[in-house]
Amino acid sequence: MLTEELVARFHVPEPTVGTIRTSDGRQADVFNIHHYPVQAVCRVCGKPIRTGHFLRPFTHSEGEPPRL
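The notes below deal with the structure included here. Computed from a predicted model, the values in this text were never measured in an experiment.

**Focus: the pattern of salt bridges**
Taken as a whole, this structure holds two salt bridges when the rule is applied. Across the pair Arg43 and Glu14 runs a salt bridge whose closest N-O atoms are separated by 2.8 Å. Of this pair, Arg43 sits in the loop between β2 (38-41) and β3 (48-51) while Glu14 sits in the loop between α1 (2-9) and β1 (21-22), and the two are 29 residues apart along the sequence. Using a relative accessible area of 32% as the deciding quantity, one classes Glu14 as partly exposed. Residue Asp24 is joined to Arg26 by a salt bridge in which the shortest nitrogen-to-oxygen separation is 3.0 Å.

Encoded structure:
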């Protein structure tokens, strides 16, 4: 059980398939630079994540609910 807590606490944010959205809530294409910034739901912990620029990693956006 301790292992599950460590995975949820310390992990690289990865978007869940189908949850990546533009700032206005439309489905985003991560290869289209005009769709940024984008937000998604983390595949590992289920919390909101976001990135502001193409080729930048997703980071957790604490305190903000994801727009789905």
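**Here we look at the packing of aromatic side chains**
Within a pair of aromatic rings, the relevant descriptors are the distance that separates the centres and the angle that separates the planes. Per the stated rule, a full pass over the model turns up two aromatic pairs. Between Phe31 and Phe54 the ring centres are 6.5 Å apart and the planes differ by 65 degrees, which places this aromatic pair in the edge-to-face class. In this pair, Phe31 is assigned in the loop between β1 and β2 and Phe54 in the loop between β3 and β4 (59-60), connecting sequence segments 23 residues apart. The exposure class assigned to Phe31 is exposed, which follows from its relative accessible area of 69%. Judged by centre distance (6.3 Å) and plane angle (75 degrees), the ring pair of Tyr36 and Phe54 falls under edge-to-face. Of this pair, Tyr36 sits in the loop between β1 and β2 while Phe54 sits in the loop between β3 and β4, and the two are 18 residues apart along the sequence. Tyr36 gets classed as buried once you look at its relative accessible area, which sits at 16%. Aromatic rings pair up to connect Phe31, Tyr36 and Phe54 into one cluster.

Reading guide: rules and limits
- Residues numbered from 1 in each chain as written.
- Predicted model: local features only at pLDDT ≥ 70, side-chain atom pairs only at ≥ 80, totals over all residues.
- Heavy atoms only, no water.
- Salt bridge = Lys/Arg side-chain N within 4 Å of Asp/Glu carboxyl O.
- Helix = DSSP H or I, 4+ residues; strand = E, 2+ residues; numbered from the N terminus.
- Buried < 20%, exposed > 50% of the residue type's maximum accessible area, 1.4 Å probe, protein only.
- Phe/Tyr/Trp six-rings, centres within 6.5 Å; stacked < 30°, edge-to-face > 60°.

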